[in-house]
Amino acid sequence: MSALEGSLRPAIARGLRLQYESAQGRHVLLYPEGMVQMNQVAAAILERCDGVRTLDAIVQELETLSGETNLAPDIHGFIGAALAQRWLEGEGGMRLELPERAAVSPVAAGSPAARPLGLPLWLLLEVTYRCPLHCVFCYNPTEFARTAEELSTAAWRRVLREARALGAVQLGLSGGEPLARADLEELVAEAHGLGFYINLITSGVGMTEARMRALKAAGLDHIQLSFQDSSREMNDFLSSTRTFELKSRVAGWIRAHGYPMVLNVVLHRHNIEHVAEILAMAERLGAEYVELANTQYYGWAWLNRAELLPSRAQLEHAERVTQEFRARVGNRTRVYFVVPDYFEKRPKPCMNGLGSVFLAIAPDGTAMPCHAARMLPNLALPNVEHAGLREIWYESAAFNRFRGEGWMKEPCASCPERGRDFGGCRCQAYLLTGDPDNADPVCELSPHHHLVSEAVARAEAAVAGGAPRAREHALIFRDHRTSIPVTTTADAIIAK
């Protein structure tokens, strides 16, 4: 927007919130699962974007307060950029478009050895592993026998208070299915009172309209709703439950109660060819944001990798369809297409480096630098029942284990990319090579990259051998009553 009318009445977009964070010493603009740090001038402008003041009034007020004149060009420029980013809505009912996730982390770029220890800005509470779904790609641990009883309400509330005191601001409530907790509304109310931006990550099972009203009243900011596919048949097969109709009703309630419509669909060999139908479903449901998250292979997805990994042709077709959809709908729906690691040449910066900004708590109170870290060998994970979060974050061996560069082997130790990708995923390195200190084999510079190439080649052959159909006897469905030890070798479970 190159020219703005002085009568424009900008307002912070639905689903976003501006607040001051004392731990960061600045204002932040919070949005579903992320945030953007604001300097003093930007915050002053946004504080006045209330949908009542006109643009002319904002300029006049800031010029009076500052004692300066001719601020209009800078203020107009910032508000124009904020409108383009969909941080603001203006006259005409502009829709929310979420900022890029790259803006989430305030951690300085450069060598991880040189950067200061950051704050645990993102707190994920896996409040339960109970779940009515049995998804074949679930990231929950396969060794359920190693988990203890769930934390009490009082313990979770204490965790929230300690995390907020450390500077955590984004809160994810996940599982399992978090709606299985009868005290979820109480936890949301506690988190809201503390100033968290609260994200509920749910399958929708357990949601009623009355419960959604209660969660809204408690202060829930955002709901991410998952679907397994666009059709009732595949959605219900892949989760081994009949949930499609319920999910569709929940999507309607989300919109009716004023939440941003955020849908998540995990992609794999058996639904990646349905991306056009999935996006059409999202459009019918009024989704403002869709995450097409290709399966990452740990947890139950690791057990099912031989049946889930798509071919490169499937992946490229899905990307083309996604691009065509983006071109057609424009800003009405924003789509993130997360490419599976196995098809990349360089690894992703997992959690911006373990122990950098992310803190996960399992249902039994186990604290983890990533939600899959329980599998890593010789990593004595602390528990919130026995230590405070400040001690866990700053002093525990587990959270310091992969900070800095001292743990890195070659080729990571001398790689110029090490300050950007941090060696990639430690869990993936462990599962594929048996050593979490190795370079992520996704990286083409890794001496173990052939393990990824071979897995992709097997997937290519499997897809080329016939129409990719889900074969129930070949898939292992998630079941919290079953405990399967983690294996790091391609044995019969992940058959070649």
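The structure displayed is predicted, hence computed values, not measured ones.

Student: Looking at this model, I keep getting lost on the packing of aromatic side chains. Mind explaining?
Tutor: We describe a pair of aromatic rings using the distance from one ring centre to the other and the angle between the two ring planes. Per the stated rule, a full pass over the model turns up 5 aromatic pairs. Geometrically, the ring pair formed by F227 and F244 is edge-to-face, given 5.8 Å between the ring centres and 75° between the ring planes. With a gap of 17 residues between them, F227 in strand β9 (residues 222–227) and F244 in helix α8 (residues 244–256) connect regions that are remote in the sequence. Comparing F227 with F244, the two get one shared label, buried. Ring centres of Y289 and Y336 lie 5.0 Å apart, and the angle between their planes is 75°; on these two criteria the pair is classed as edge-to-face. With a gap of 47 residues between them, Y289 in strand β11 (residues 289–294) and Y336 in strand β12 (residues 334–338) connect regions that are remote in the sequence. Here Y289 and Y336 have matching classes, each one buried. Above the face of the F196 ring, R164 is positioned so that its terminal group lies 5.7 Å from the ring centre. The side chain of K247 reaches across the aromatic face of F227, ending 5.8 Å from its centre.

Student: Explanation requested: the side chain of Q224 in the structure shown.
Tutor: With respect to the helices and strands, the residue Q224 is situated in strand β9. Side-chain polar atoms of Q224 contact the side chain of E33, separated by 2.6 Å. In contact with Q224, other than residues within four places in its own chain, are E33, L200, I201, T202, V262, N264 and E291.

Student: Would you take a moment to explain the sheet that holds strand β4 (residues 34–38) for this structure?
Tutor: Strands sit in the order β2-β3-β4 across an open sheet of 3 strands; the sheet is antiparallel. Looking along the sheet, the strands with just one partner apiece sit at the ends: β2 (17–21) and β4. Ignoring strand direction, the axes of neighbouring strands in this sheet form an average angle of 30°. Running over the sheet, helix α1 (residues 40–47) touches β2, β3 (26–31) and β4 and is turned about 110° from β4.

Cut-offs used in this document
Residues numbered from 1 in each chain as written. Predicted model: local features only at pLDDT ≥ 70, side-chain atom pairs only at ≥ 80, totals over all residues. Heavy atoms only, no water. Phe/Tyr/Trp six-rings, centres within 6.5 Å; stacked < 30°, edge-to-face > 60°. Helix = DSSP H or I, 4+ residues; strand = E, 2+ residues; numbered from the N terminus. Buried < 20%, exposed > 50% of the residue type's maximum accessible area, 1.4 Å probe, protein only. Lys NZ or Arg CZ within 6 Å of the ring centre and 35° of its normal. Polar contact = N/O pair within 3.5 Å; in protein donor to acceptor, adjacent residues only side chain to side chain. Contact = heavy atoms within 4.5 Å. Pairing = 2+ DSSP bridges. Axes fitted to C-alpha atoms, helices over the stretch in contact; angles between N-to-C directions.

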